[in-house]
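Coordinates in review
So the chains spell out like this:
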Amino acid sequence: MRWARAWARPVATLAAALAAFAGPAATAHAAGTPTAAPDAAPHAREAATAGTSATDPPTARADEATTAGAGTTTGAAPAAHTTTPGELTVDVTDIAPAVLRPNQTLTVSGTVANGTTEDLTAPTLRLRVQRSTPISRTTLQRWLEPDSVFSTVVVAREDLPERLPAGASTTFSFEVPAADLPLTDTSWGPRGIEVALDDVAGDPVEATDRSFMLWYPDVEVQPTPVGILAPVTATAAERARAEGDGSLAAASEARVGPLLKALDRPGVTTFVDPMLLAAASPGIGASEPPAGSEAPDATGEQAEPPDQAVSDLRAAVAASAGTRDREVTALPWADADVAALAHTGREDLLDQALARSTAALRDAGVQARTDITWPAGVPDAQTAELAAATGASAVVLPAGAMTPAGELTYTPSARTDIPMDDGTDLPAVLVDERASAVLAGRLLPRTAAAADPAPLDDLTVRQLLLAETAVVARERPSDPRALVLALGRDFTGDAATLGRTLGALTSAPWVRPTTLDQLLALDSSTLRRSPLPHEEVSTAELGAVDLARMRAARDEAAAFATATADPAAFLVPVDDALAPVLSAAWRADPAGRDGLIRQVRRDVAGLGTAVAAMPSSTLNLINSSANVPVHVRNDLGVDVTVRVELDPNDPRLQAREGVPLTVPAHSQATAQVPVRAVGSGNLPVRIKLTTPAGHPVGEPAELAVRVRADWENVGTAVVAGLLVVLLVAGLVRTVRRGPRMDPGTPVPDPGV
C-alpha cells in the first residue's frame, strides 16, 4: 500500500525529537553496510488507539523487482517505471523471505518514481519497522491506512542518486540481517514495515509505502487449522459463450484450467460444477452429439470424449480428488441456485440437479461428495432447510450470516451448527469474509459506512494473509480455532499469483492446511450466534416467473416429442439447454439469464418450422373422389411421425380423416390424403400437421386446388356417345354392303 503526502515542518520537528528520545537505529547507506544512525524523520512514535479509513486507494505493483544489492539504487531512468503524474510514489515490490527466520536477511526491494514537475535534489529512503507485533486484525488493517500512526524504528537508510529528475524513476533494495531488526524470540508474528522517501534538501515532501514482514524464531506454536474453499464453476459470461462454443469446458478452460492448477495445494477443497466435466449436449432436435462430445464406442461402453478441454479438466479434478491432503466436492449441476429454488419451493429441481451431478461424476471417473451445500447470495433459514431436505450433511455460509451474540477480542472458530425446525442441527462451516476478500485482492472497510473495498497488490495480499493468520494464532495461543477462506464464484484473478500466495500461506509454520472433511470433523463451537433470517430474496436471483417460462418451453417440447419414436431421448437436449438457467452465476447477469430462456424458447418453437408441408403448384381435381398428395419435409436429426390433415373450409371439397406419415431425418415424404369433391371451383385448402397426440406442428400451410368434379361425368358421357355413334355407323355400313362372298365361290350365270 503506498501513498504520498506533504508533512508540515512542525510535525517533522516533533518526530525528530521523539526519534532522539527513542535512541539510535540501524541504517543502511548506499554502500550497503548497516550502521547506527538516529531516525531523522520517523513516521510515528506513538501507537494510536483509534484509526482512520484510507483516503488514498492502494495501487498495483509488479510481481517481482530486480534488486541492486544492499542499500543501493540503479540510478534515475525516465523509462524505468511508470510514474503517476503529479505524485511522488514509492512502491515496495518484493519482501524476501516471506517469513523471516533467525540468521536470515530481510530484503525489501522496490521503485521510486518522481511524477512531479520538480527535481528531487537530495532524495533519501528510510526503512522503518514496527517496534511491536500488532495484537489484533483491526490493528493490521489500520497499519495500511495512510493517516494511522504507530511506534516504528528506522532500520536502514539509503541515499538515492544526487538528483531524481521530474518524470524519472529508480529502484532500491534494502538488506537487513534479522539480528539488526527490533525482534525477539518471544515476539513472533507480523510487523509493519514502511519505506519512506524524503527530499532533505528541498521542501518537506514525503512518499511512503507500507506492507508487512513476518518473523518466526525457533518457537513452538500450535498451528491454526486453515481451510481454503474454492468454487470452480463457469461465470455468466462463460455460460453465455458456451451456447455457441459447444461444451462449457471449452468456454471456460482458459480461466478454469490454470485455476485448478493454482488450487493444487494442501488444505484446498475444490467445489466443482460437474457440468464442466461433461461433453457438449446435442442441440435441440439433433440426431447425434456434435463433434467433441461423448458417444458409445463399438463395445457399447461410453468412450472418452474427444473434446480436449473436457479431458483436461477431468484429469485435473480427478488428480485433486485422489490426493489425501486435498479434496473435491461437487456442486449441483450447473451450480444451481439453491437459495432461489428454496424461495420458489422447487425442491424437485434441486433433486434433479444433484442426481445429475452424481451421474456426471460417475461418467467422468471422479470421486467426490455431493452432500455439501454452498448457496450463493445471503443465506437464510429457508435455504438451510432445503439443503437438509435434499440430503445435505453440511452447509458453507459466510460468517456474517451468523454473527457472535457479543463482542469478541478474538476470531471465533469457523465450525458451528445450525438449529433446524425439526430439532436437529445442521453442521456448518463459516467463511471469514475479511480474509477471503484479501485472498481475492480486496481490502474490506473496517466500518459499514466506509468506502468501497480497496484493491490490493499481489505482495500485500501475500503478506497480509500471512499476517492475519499469524495474529489469529496469537490471539489465543492455546486454543487453535479453525479459519476458513474462500474464493468467489466469479474469481478472475491471475491464477499463477494465486498459486504462489496459497503456497506461501499453506507453508507458514503457524498454519495447518485443513480440508473440508477435516473441518467438519472438528468440534462445533459453543459460541452463541445470531440465527439465520427466515428469508432473504435477492432481486437478481431466479424467480417464479423465470421458472414458469422454463416450464412453458419444456411443455411445448414435450408435446412435440410425441411425434418421435423416443420422446424421453428427444427431450434430453431440451433439459440440457434449460438446466443452465438455474445457475447462480446469473445473479451477476440477470439479463443474460433472461436471454438464455428466450433462446431456448426460440429453439423449441423452431421445431415446428423444421417439420412442415412443402409448397406446391395448383392442383387440378376433376374426380369426385381422389387422393391429394402432400409433400412434407423434416429438417430435424430424428425421424418424426405426423398426421397430415386437409381443411378445405368449403363444402364443395370434403376431406376425410388425416393420414399418418413418417418422415425420415433430414428427408422428405409424401402423404396421400383422400378427399371427395361435390362441386367445382378454385378452393384454398389448409394443410395441418399434428403429432399423433394431436398437438399442432408448426403453422398450417395452404394448397390451391382447382376442383372440377362434373368434368368426369361429362367426359364419360361424351366418350360413351362417340362409341355408340361409331357402333351404329359400322352396322349400317355392313348392312348396306351385304354379306361378303368367298373369293373362291363361283358366280352363277344369269343366262342359264
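Rules used throughout
- Residues numbered from 1 in each chain as written.
- Predicted model: local features only at pLDDT ≥ 70, side-chain atom pairs only at ≥ 80, totals over all residues.
- Heavy atoms only, no water.
- Helix = DSSP H or I, 4+ residues; strand = E, 2+ residues; numbered from the N terminus.
- Buried < 20%, exposed > 50% of the residue type's maximum accessible area, 1.4 Å probe, protein only.
- Contact = heavy atoms within 4.5 Å.
- Areas by Shrake-Rupley, 256 points an atom, 1.4 Å probe, with all protein chains shown as cover.
- Pairing = 2+ DSSP bridges.
- Axes fitted to C-alpha atoms, helices over the stretch in contact; angles between N-to-C directions.
- Parallel < 35°, antiparallel > 145°, perpendicular 65-115°, else oblique.
- Left-handed = near helix turned anticlockwise from the far one by under 90°.
- Nonpolar A, V, L, I, M, F, W, Y, C, P; charged D, E, K, R; others polar.
- Salt bridge = Lys/Arg side-chain N within 4 Å of Asp/Glu carboxyl O.
- Core = buried A, V, L, I, M, F, W, Y, C linked by side-chain atoms within 4.5 Å.
- Phe/Tyr/Trp six-rings, centres within 6.5 Å; stacked < 30°, edge-to-face > 60°.
- Expected span 1.5 Å × (residues − 1).
- Polar contact = N/O pair within 3.5 Å; in protein donor to acceptor, adjacent residues only side chain to side chain.

Okay, the overall build of the chain next. Within the chain, the regular secondary structure consists of 16 helices and 32 strands. Taken over 752 residues, the chain has a buried fraction of 48%. For the chain, contacts bridging at least 24 residues in sequence account for 77% of all contacts bridging at least 6. Summed over its atoms, the accessible surface of the chain is roughly 33700 Å², and 54% of this surface lies on carbon and sulfur atoms.

With that settled, the discussion passes to the sheet that holds strand β28 (residues 653–655). Strand order in the open sheet made by the four strands is β24-β26-β30-β28, with antiparallel pairing throughout. This sheet does not close on itself; its edge strands, each paired only once, are β24 (611–613) and β28. Between one strand axis and the next, the sheet turns by 40° as a mean value, whatever way the strands run.

Helix α11 (residues 495–506) packs onto helix α10 (residues 458–475) with a crossing angle of 25° between their chain directions and a minimal axis gap of 10 Å. As judged from the angle between their axes, α10 and α11 are roughly parallel. Considering only the axes of α10 and α11, their crossing is right-handed. Across the interface between the two elements, D458, V461, R462, L465, L466 and T469 of α10 pack against T497, T501, A504 and L505 of α11. Within the contact of α10 with α11, the residues separate by chemical class into five nonpolar, three polar and two charged.

Moving on to unusual backbone geometry. Note that the residue after A96, namely P97, is joined by a cis bond; omega there is -10°. Mapped onto the elements of the fold, P97 is located in the loop between β5 (88–96) and β6 (99–100). Of note, the phi angle at A334 is positive, near 65°, even though the residue is not glycine. Tracing the chain through its elements places A334 in the loop between β15 (327–330) and α6 (338–343). Not every positive phi belongs to a glycine, and H666 is a case in point at roughly 50°.

Right, let's get into the pattern of salt bridges. Overall, the coordinates contain 30 salt bridges when judged by the stated rule. Among the ionic pairs, R587 bridges to D337, the shortest N-O distance being 2.7 Å. Highlighted residues: R587 in the loop between α14 (567–578) and α15 (590–610) and D337 in the loop between β15 and α6, separated in sequence by 250 residues. For the pair formed by R587 and D337, the shared burial category is buried. Linking D635 and R633 is a salt bridge whose minimum nitrogen-to-oxygen distance equals 2.5 Å. With a relative accessible area of 46%, D635 lands in the partly exposed category. Taking relative accessible area as the criterion, R633 reaches 26% and is therefore assigned partly exposed.

Read across the sheet, four strands follow the order β16-β17-β19-β18 without closing on themselves; strand pairing throughout is mixed. Edge positions in the sheet fall to β16 (372–373) and β18 (415–419), since each of these pairs with one other strand and no more. As paired strands, β18 and strand β19 (residues 425–431) are joined by five bridges and run antiparallel to one another. Paired with P419 across the two strands is D425, which belongs to β19.

Further remarks concern the environment of E536. Within the secondary structure, E536 sits in the loop between α12 (516–521) and α13 (544–561). Each C-alpha atom of the pair E536 and A340 lies 9.7 Å from the other, and the pair is 196 residues apart in sequence. Aside from chain neighbours lying at most four places away, what touches E536 is H343, V378, P379, D380 and E541.

Side chains on a regular strand alternate between the two faces of the sheet. Counted residue by residue, strand β10 (residues 169–177) has seven buried out of nine residues, so it is predominantly covered. Of the strand pairs in this sheet, strand β7 (residues 105–114) and β10 are connected by nine bridges, and their pairing is antiparallel. By the bridge assignment, L106 is partnered in β10 with V176.

This part covers the nonpolar core. Core analysis: the largest hydrophobic core is formed by 132 residues, its most contacted members being L263, L498, W510, V611, V630 and V644. Counting residues per element, this core draws most heavily on α10, which supplies nine residues. Sequence-distant contacts of W510, defined by excluding residues within four places in its chain, comprise V99, W188, L214, Y216, V221, P223, T224, L466, T469, A470 and A473. With 31 residues, the next largest nonpolar core counts V92, V153, A168 and W215 among its residues.

Turning to the side chain of T235, a few remarks are in order. Assignment of secondary structure puts T235 in the loop between β13 (224–232) and α3 (236–245). Other than its neighbours up to four places away in sequence, T235 contacts R255, D490 and A585.

For the rest of this paragraph, the subject is the packing of aromatic side chains. Scanning the model with the defined rule gives seven aromatic pairs in all. On the basis of an interplanar angle of 55° and a centroid distance of 5.8 Å, the ring pair of F172 and F174 is categorised as tilted. Since its relative accessible area comes to 1%, F172 is described here as buried. With a centroid separation of 5.7 Å and an interplanar angle of 35°, the aromatic rings of F560 and F570 are classed as tilted.

Another point: α10. With 18 residues, α10 ought to run about 26 Å at 1.5 Å a step, and its terminal C-alpha atoms sit 26 Å apart, in line with that. Along α10, 16 of the 18 residues are buried, which leaves the element largely enclosed by surrounding structure. One side-chain oxygen of the residue at the start of α10 lies 3.2 Å from the amide nitrogen of L459, identifying that residue as D457.

With that out of the way, let us pick up α11. In this model α11 runs 16 Å from its N-terminal to its C-terminal C-alpha over twelve residues, within 8% of the 16 Å that 1.5 Å per residue would give. For α11, the full list of buried residues reads A495, T497, L498, G499, T501, L502, A504, L505 and T506. In this structure, the buried side of α11 is in contact with β13, α4 (248–262), α9 (433–439), α10, β22 (483–486) and β23 (511–513).

So, about the environment of V200. With respect to the helices and strands, the residue V200 is situated in the loop between β11 (189–199) and β12 (205–215). Separated by 76 residues in the primary sequence, V200 and T124 place their C-alpha atoms 7.1 Å from one another. Ignoring anything within four residues of it in the chain, the contact list for V200 reads A122, T124 and R126.

We now examine the packing of α13 against α14. One can describe the packing of α13 onto α14 by two numbers: an axis separation of 9 Å at closest approach and a directional angle of 160°. Judged by the angle between their axes, α13 and α14 are roughly antiparallel. Note that α13 runs across α14; the crossing there is right-handed. For the pair α13 and α14, the contacting residues are M550, R554, A557, A558, F560 and A561 in the first and P567, F570, L571, V574, D575 and L578 in the second. For the contact of α13 with α14, a count of residues per class yields ten nonpolar, no polar and two charged.

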